[in-house]
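# Fold and contact review
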Amino acid sequence: MSKMHLKMTVNGAEVETLAEPRELLIHVLRERLNLTGPHIGCDTSHCGACTVDMNGKSVKACTVVAAQANGASITTIEGLGTPDALHVLQRMFREHHGLQCGFCTPGMITRAWRLLQENPNPTEEEVRFGMSGNLCRCTGYQNIVKSILAAAAEMNAVKEAAE
Amino acid sequence: MIPGHFEYHRPTDVASALGILATHGDEARALAGGHSLIPMMKLRMAAVGHLVDLQAIPELRGIEVGPGRIRIGAMVTQADIIAHAGLTAAAPILAETALMIADPQVRNMGTIGGNVANGDPGNDMPALMQCLDASFELRGPEGARTVKARAFYESAYVTARSDDELLTAVSFAPTGGGYAYEKQKRKVGDYATAAAAVILTRAGATCASASIAMTNLADTPVWAEAAGAALVGTPVDAAAIKAAVAAMRAAISPTGDNRGPVAFKHHVAGAVLGHAIARAWSRA
């Protein structure tokens, strides 16, 4: 079967790659673009480990075929921070022990990043509802919610200080 | 899991999409949000030779809230429905229902057109559309036609839409009075064990009109006409709710599965309908 020329904006950079239309977006990102931050967990659109941002919305990259993403703008965990300059969400997940094994964490943080843009000042309940598409089998969610609320508080404090 | 081979199409208007569907017949499938079809393709339970992605067709988007009619394009997502203040003001039961579908990521992709056209008895919007007495707009090679939601569903995954037609929009009248969509599910993202859509109006101390439809309790959505009628003229007290539940139970035909045996489905159906009626009445 012939491959198609995929053009996407990934983490702010224009990228081009060849892929079969039926490949899943998560495979294109991980195997063709070497962005192994987003993980493959359940592969059935339940767990959210593969969550990336597509055209400004959180999506599960295991349930998007490559061809659908042609022309799209994608942000992955690699686009949020670097080991030397962590995103505030990454810092707060570390500070508040928002992870144990870490497998769900890239999806958690990428989803939380979009959630805090949609709702910069969420209640605990809104965080839980907004994160309900991401499963964690270690933490019991308590510290994940705490990390996201702490990140929201710091982001809001920084915003206020700038105003 | 990776889908089988397909040829990908991304038409930019409905006419082109219909042309591709006509050319390839039952080899072709329309793709809306893909969150029902792609999992089926990954499991190789759906073999699609030509995938017709509707994402680039502007005429399938848009929510129009008119004084007498609300029209929602087929490619409007559940997230779009939840975010639309005008729609929520005119028919708040839409957002209440959409919020109970799957999770935020899935609602960003899943569309109203896909939800109602797929014919999956587990989907929530079909019963809501029957409750609202909505109409579905279909376009095919013979032109456009309209089918009532209450006449659209024939059996599981079998609807009045033919393979060469696209469902392009749904429309219904704004709702007044009380409303509720009540859904029992085992976990976030699950289909309903049972769910009930209720719309009713009040005249003084009694119920003036009521419409009730149920999700995932037969191989199609169930508009329980007699259940609605059982509320009309009553003060919606315990006896009236009991009568409505009994009428609803006579209209459903659930099957036992991993969500529970038949008797349990009947029990949960009664519970969700009782809650839905009480909440709708409190809002009327």
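All of these numbers come straight from a predicted model, not from anything done at the bench. (Residues numbered from 1 in each chain as written. Chains lettered and ligands numbered in written order. Predicted model: local features only at pLDDT ≥ 70, side-chain atom pairs only at ≥ 80, totals over all residues. Heavy atoms only, no water.)

Moving on to the sheet that holds strand β4 (residues 63-65) of chain B. Residues and elements named next belong to chain B. In space, the five strands of this open sheet follow the order β4-β5-β10-β6-β7, with antiparallel pairing throughout. One side of each edge strand has no neighbouring strand; the edge strands of this open sheet are β4 and β7 (143-148). Sheet twist, expressed as the average angle between the axes of neighbouring strands with direction ignored, equals 20°. Two strands pair when backbone bridges link them, and strand β5 (residues 70-73) and strand β10 (residues 166-172) are joined in this way by four bridges, in the antiparallel orientation. The residue bridging Arg-71 from the neighbouring strand is Ser-171, located in β10. Taken strand by strand, helix α1 (residues 14-24) contacts β6 (135-140) and β10, and its axis lies near 130° from that of β10. (Pairing = 2+ DSSP bridges. Helix = DSSP H or I, 4+ residues; strand = E, 2+ residues; numbered from the N terminus. Axes fitted to C-alpha atoms, helices over the stretch in contact; angles between N-to-C directions. Contact = heavy atoms within 4.5 Å.)

Now for the domain arrangement of chain B. Residue and element names in this part refer to chain B. What the domain assignment lists for chain B is domain 1 (7-53), domain 2 (58-172) and domain 3 (178-283). At the interface, 24 residues of domain 2 touch 27 residues of domain 3. Together domain 2 and domain 3 conceal approximately 2000 Å² of surface at their shared face, both sides included; 62% is due to carbon and sulfur atoms. When residues of domain 2 are sorted by the area they lose upon contact with domain 3, Glu-96, Met-100 and Cys-131 head the list and together hold 26% of the total. Among the ionic pairs, Glu-96 bridges to Arg-279, the shortest N-O distance being 2.7 Å. Put simply, domain 2 and domain 3 have twelve residue pairs in polar contact (both at pLDDT 80 or more) between them. Among the elements of the structure, α5 (93-98), α8 (125-131) and β8 (153-155) are those that each provide at least two residues to the side of domain 2 that touches domain 3. Ranked by residues supplied to the side of domain 2 that touches domain 3, first place goes to α8 with five residues. (Domains from an automatic or database assignment. Buried area = accessible area lost by both parts, 1.4 Å probe. Salt bridge = Lys/Arg side-chain N within 4 Å of Asp/Glu carboxyl O. Polar contact = N/O pair within 3.5 Å; in protein donor to acceptor, adjacent residues only side chain to side chain.)

Moving on, we get to the side chain of Gln90(A). Secondary-structure assignment places Gln90(A) in helix α2 (residues 88-95). Not counting the four nearest positions on each side in its chain, Gln90(A) is found in contact with Ile77(A), Gly81(A) and Ile109(A).

For any pair of aromatic rings, geometry is given as the distance between the ring centres together with the angle between the planes. All names here are of chain B. Throughout the structure, instances matching the rule amount to three aromatic pairs over all chains. Measuring from centroid to centroid gives 4.9 Å for Phe-136 and Phe-152, while their planes differ by 85°, and the two rings are edge-to-face. A residue pair is termed long-range when its members are at least 10 positions apart, and Phe-136 in strand β6 and Phe-152 in the loop between β7 and β8 qualify at 16 residues. For the pair shown, Phe-136 and Phe-152 are each scored as buried. (Phe/Tyr/Trp six-rings, centres within 6.5 Å; stacked < 30°, edge-to-face > 60°. Buried < 20%, exposed > 50% of the residue type's maximum accessible area, 1.4 Å probe, protein only.)

This paragraph deals with the interface of chain A and chain B. Each partner contributes residues to the interface: chain A has 31 residues there, and chain B has 31 residues. Buried surface at the junction of chain A and chain B, summed over both partners, amounts to about 2500 Å²; 59% is from carbon and sulfur atoms. It is Arg22(A), Thr63(A) and Gln68(A) in chain A that bury the most area against chain B; as a group they hold 27% of the surface buried on that side. Applying the counting criterion to the chain A and chain B interface returns three salt bridges. Of the charged contacts, one joins Lys60(A) and Asp103(B) as a salt bridge, the two residues approaching to 2.6 Å between their closest N and O atoms. In this assembly, chain A and chain B are joined by 15 residue pairs in polar contact (both at pLDDT 80 or more). Ranked by residues supplied to the side of chain A that touches chain B, first place goes to strand β4 (residues 57-60) of chain A with four residues. Here the side of chain A that touches chain B is composed, by residue class, of twelve nonpolar, 13 polar and six charged. (Nonpolar A, V, L, I, M, F, W, Y, C, P; charged D, E, K, R; others polar.)

Taken together, the buried positions of helix α1 (residues 25-32) of chain A are occupied by Leu25(A), Ile26(A), His27(A), Val28(A) and Leu29(A). The first or second residue beyond α1(A) is Asn34(A), which carries a positive phi of 55°.

This next bit is on unusual backbone geometry. All names here are of chain A. At Asn-55, a position not held by glycine, the phi torsion is positive, near 50°. Here Asn-55 is to be found in the loop between β3 (51-54) and β4. For Asn-55, a relative accessible area of 48% puts it in the partly exposed group. The phi dihedral of His-97 falls on the positive side, at around 55°, and the residue is not glycine.

You'll often see interface size given as the accessible area lost when the parts meet. All names here are of chain A. The assigned domain composition of chain A is domain 1 (4-79) and domain 2 (88-162). The C-alpha centroid of domain 2 is placed 22 Å from the C-alpha centroid of domain 1. Tallying the contact residues gives 19 residues for domain 1 and 13 residues for domain 2. For the pair domain 1 and domain 2, the summed buried surface comes to about 1200 Å²; carbon and sulfur atoms form 58% of the total. If you look at where domain 1 meets domain 2, you find one salt bridge. Inspection of the region where domain 1 meets domain 2 yields seven residue pairs in polar contact (both at pLDDT 80 or more). Where the side of domain 1 that touches domain 2 is concerned, the elements lending two or more residues are β3 and β4. Residues of the side of domain 1 that touches domain 2, tallied by class, amount to six nonpolar, ten polar and three charged.

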